[in-house]
Amino acid sequence: MNKTIIVIVLVVFLSVGLIGAVYAGYTGVGMVLAGGPSARVGSIGGPLIVGGGPGSGK
Amino acid sequence: MNSTPSTSAQTAARPVLRELKCPNCGAPIAQHVPDVQTFVCGRCHGYINESLEGLTFSSGSKLPQPKVPIRIGQFVTIRDVRWFVLGRVVYQGWDPSETSDRWTWNEWLLGSDDGRLFWLSLDELGFTWFTKLRVREAFDPHRDTSIPLGNDRRARVVERYPAKVIGAEGELTWRAKRGDKLTMIEGADGENKISVQVTTDELEIHQGRTLKKEEVVATFGKDAAEKLFGIAFVVEIGAIMVLFAVAALVIALVVGGMGRTLTNQNVMVARGQAAEFPLEFAAGRPVQVTLFLQTPLQENTFADIDVVITAPDESETYVSLQEFWHETGIDEGEFWREQRLDGSEAFVPYQSGMHEVAIEMDEGSMIDEANVRVEMKADSIGNGFLFGYGAVVGIIGLLLVFMGLSKKAS
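What counts as what
Per chain, residues are indexed from 1 in the order of the written sequence. For this description, chains carry letters from A and ligands carry numbers from 1, given in the order in which they are written. Only residues with pLDDT of at least 70 are given local features in this predicted model, and only at 80 or more are side-chain atom pairs given and counted; all residues enter the totals for whole chains, interfaces and linings. Excluding hydrogens and water, the side-chain figures rest on all heavy atoms present in the structure. Think of it this way: any DSSP run of H or I at least four residues long counts as a helix, any run of E at least two long counts as a strand, and we number them from the N terminus. Under the scheme applied here, a residue whose accessible area is under 20% of the maximum for its type counts as buried, over 50% as exposed, and between as partly exposed, the area being computed with a 1.4 Å probe on protein chains only. Residues count as neighbours in contact if any of their non-hydrogen atoms are within 4.5 Å of one another. Per-residue and other accessible areas were derived by the Shrake-Rupley procedure at a 1.4 Å probe size, with only the shown protein chains allowed to occlude residues. Salt bridges are identified by distance alone: a Lys or Arg side-chain nitrogen within 4 Å of an Asp or Glu carboxyl oxygen. Helices are assigned an expected span. That span is 1.5 Å times one less than the residue count. If DSSP finds at least two bridges between two strands, the strands pair. Accessible surface is computed with a 1.4 Å probe, and the buried area is the amount of it that two parts give up when combined, taken over both parts together. Throughout this description, a polar contact denotes any pair of N or O atoms lying within 3.5 Å of each other; where both atoms belong to protein, one of them has to be capable of donating a hydrogen while the other can accept it, and for residues adjacent in sequence the pair is counted only when both atoms sit in side chains. Just so you know the grouping, Ala, Val, Leu, Ile, Met, Phe, Trp, Tyr, Cys and Pro go in nonpolar, Asp, Glu, Lys and Arg go in charged, and all remaining residues, Gly too, go in polar. Here a pair means two rings of Phe, Tyr or Trp (six-membered ring of Trp) with centres within 6.5 Å. Their orientation is stacked below 30 degrees between planes, edge-to-face above 60, and tilted elsewhere. Distance and angle both matter: a charge sits over a ring if NZ of Lys or CZ of Arg is within 6 Å of the ring centre and within 35 degrees of the ring normal. We define the nonpolar core as a collection of buried residues of types Ala, Val, Leu, Ile, Met, Phe, Trp, Tyr and Cys that are connected through side-chain atoms lying within 4.5 Å of one another. The arc in question is the one traced by the directions running from the helix axis out to the C-beta atoms. To get an axis, fit a line to the C-alpha atoms, keeping to the stretch in contact for a helix; angles then go from 0 to 180 degrees between the N-to-C directions.

Draft legend 1. The arrangement of the overall build of chain B in detail. A count of helices and strands for chain B gives three helices and 24 strands. Looking at chain B as a whole, 47% of its 410 residues are labelled buried. The long-range fraction of contacts in chain B, counting pairs at least 24 apart against all pairs at least 6 apart in sequence, stands at 63%. On chain B, roughly 20,300 Å² of surface is accessible, and the fraction owed to carbon and sulfur atoms is 52%.

Quick look at the structure:
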């Protein structure tokens, strides 16, 4: 394959990765969502445990 | 410069000065230049040395073909001069401090129609065109840090390593055989390369200049040049990746401290008694929270401090748990002390509006209360992905560069 094409593809790939990393940091990808849908409400009991039975530890 | 490849075989044009017979296999051997001291039989690949006692023979083996189309008995045109390929020597060098680090390179002996002799060397950096220099001053090849070039000029020694002859073919103007050991000294004199080869009997100094890519293309053809410079292409790819990695790390460091300060205040926290204050957040962009423990920690104690955010809809989220500690000890008779008195984490508010911020000390902490400075910055940019990107791309890039440079052309 033509080396120029390889270099262009590599530079595009690396640029997209770099821009993606900046964008992820800008929007907070992977960070804790304060007050989001998974946040607990009220006591510190944590997420509701569904299921179980005798001896299940509930 | 000749614009077309000029390595096509023209073996019949060079006059033969003398014909010998190999003492081992009887194959005819042609001598093309005077002062030849070593012939390598083209049939049995044995080494025939010319000496006062006559011809001596030692066994050899066939050399692998070089990556470039330079063959014994052919003509090559370099810088408009036609050269006859007389002989080739393949060397192996190694790092004396790490003998597993080895590399090989080729050197061709070329003769012109007017009787001049030159060495064309091919290593990982490409072709170098070497001409012999006369040794004009005393030179200790094992200790001197510069190489005398004459007229008060000296070249700085940049590398010194042991090497051996892997094999040879054709005819050579010095006594050589497979396994011969030598010391190589490489020097730099501006754009010129200086190469010193030292054996137990001889010391030769050569001055050379690297052939430009256009010259290699013109001399050996585009395919050969592509194959040759393909080794450096890996280095180019690696260098580009390292460049991006450095850019990512620089951006990560720059954006790490960015953001609009929402609060920067001291609070007092105690076990079971959180410090609380209201703060307005806008949804969607990261907020960086940094805690600085202002109360000194006694030796070998710790304190864990949480940051809990209560959103306008009363939902609570632990956004940060920072561990502060002060440790001491003795390691191999040396006293050491390490402390961690600040820590940072980022979160993204899901809702806009007034939130309640609670700074809590964990029950297990070894202090009862602490003065903590709380700094919060809105619209910050997380740099974790940038550091990760920089590390991954940089390591791959450095590996490629290392591979490319350590893979010597042969």
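We are not done yet, so read on.
Draft legend 2. Local environment of the pattern of salt bridges. Residue and element names in this part refer to chain B. In total, this model carries 12 salt bridges over all chains according to the counting rule given. As a salt-bridge pair, D140 and R143 come within 3.0 Å of each other at their nearest N and O atoms. A residue is classified by how much of its surface remains accessible, and D140, at 24% relative accessible area, is partly exposed. The class of R143 is exposed, set by a relative accessible area of 63%. Here D379 and R260 are joined by a salt bridge, their closest N and O atoms 3.4 Å apart. Placement of D379 in the loop between β24 (369-378) and α3 (384-406) and of R260 in strand β16 (residues 260-270) is noted, with a sequence separation of 119 residues between them.

Draft legend 3. Region of interest: helix α1 (residues 3-27) of chain A. Residue and element names in this part refer to chain A. Taking 1.5 Å of rise per residue, the 25 residues of α1 would be expected to cover 36 Å, and the 36 Å separating its terminal C-alpha atoms lies within 8% of that figure. Within the span of α1, buried status applies to L10, L14, L18, A21, A24 and G25. Once α1 ends, the next one or two residues include G28, with phi positive near 80°.

Draft legend 4. The pairing of strand β15 (residues 203-210) of chain B, seen in detail. In this sheet, β15(B) lies alongside strand β10 (residues 126-133) of chain B in antiparallel orientation, the contact comprising six bridges. The partner of K132(B) across the bridge, within β15(B), is H206(B).

Draft legend 5. Local environment of the interface of chain A and chain B. Counting residues at the interface gives 29 residues for chain A and 35 residues for chain B. Together chain A and chain B conceal approximately 2,800 Å² of surface at their shared face, both sides included; 71% is due to carbon and sulfur atoms. Our count for the chain A to chain B interface comes out at zero salt bridges. Connecting chain A to chain B are eight residue pairs in polar contact (both at pLDDT 80 or more). For the side of chain A that touches chain B, the elements supplying multiple residues, two or more each, are α1, β1 (32-34) and β2 (40-41) of chain A. Among the elements that make up the side of chain A that touches chain B, the one with the highest residue count is α1(A) (15 residues). A class-by-class count of the residues in the side of chain A that touches chain B yields 19 nonpolar, eight polar and two charged. As paired elements, β1(A) and strand β22 (residues 342-349) of chain B share three bridges and run parallel to each other.

Draft legend 6. Focus on the packing of aromatic side chains. Tallied over the full model, the rule gives nine aromatic pairs over all chains. Between the aromatic rings of W105(B) and Y161(B), the centroid separation amounts to 6.1 Å while the plane-to-plane angle is 90°, which identifies the pairing as edge-to-face. Linking W105(B) in strand β8 (residues 98-112) with Y161(B) in strand β12 (residues 153-172), this pair joins segments that are 56 residues apart in sequence. Each member of the pair, W105(B) together with Y161(B), is buried. Taking the centre distance of 5.0 Å and the plane angle of 10° together, the rings of F118(B) and W129(B) count as stacked. You can see F118(B) sitting in strand β9 (residues 117-123) and its partner W129(B) sitting in strand β10, a full 11 residues away along the chain. Residue F118(B) is classed as buried on the basis of its relative accessible area, which comes to 11%. Of note, R285(B) hangs over the ring of Y26(A), and the distance from its end group to the ring centre comes to 3.5 Å. Of note, R373(B) hangs over the ring of F292(B), and the distance from its end group to the ring centre comes to 4.0 Å.

Draft legend 7. Quick peek at the nonpolar core. Residues and elements named next belong to chain B. Counting 30 residues, the largest nonpolar core has I29, V89, Y91, W105, W119, L172 and W174 as its most contacted members. Secondary structure elements with two or more residues in this core: β3 (38-40), β4 (47-51), β7 (81-95), β8, β12 and β13 (181-189). Per element, the largest residue contribution to this core is five residues, and it comes from β12. L279, V289, V357 and A370 belong to the second-largest nonpolar core, a separate cluster that totals 27 residues.

Draft legend 8. Quick peek at helix α1 (residues 213-220) of chain B. Along α1(B), the positions that sit buried rather than exposed are E215(B), V216(B), A218(B), T219(B) and F220(B). Along the axis of α1(B), the buried positions cluster into a sector of 165°, meaning they face one direction only.

Draft legend 9. Representation of the sheet that holds β24(B). The mixed open sheet is built from five strands, whose spatial order is β1(A)-β22(B)-β18(B)-β24(B)-β16(B). Since the sheet does not close on itself, it has two edges, and those belong to β1 of chain A together with β16 of chain B, each with one partner. Adjacent strand axes in the sheet meet at a mean angle of 30°, parallel and antiparallel pairs treated alike. Direction of pairing for β16(B) relative to β24(B): antiparallel, over a ladder of 10 bridges. Bridge pairing in β24(B) places Q265(B) opposite V374(B).

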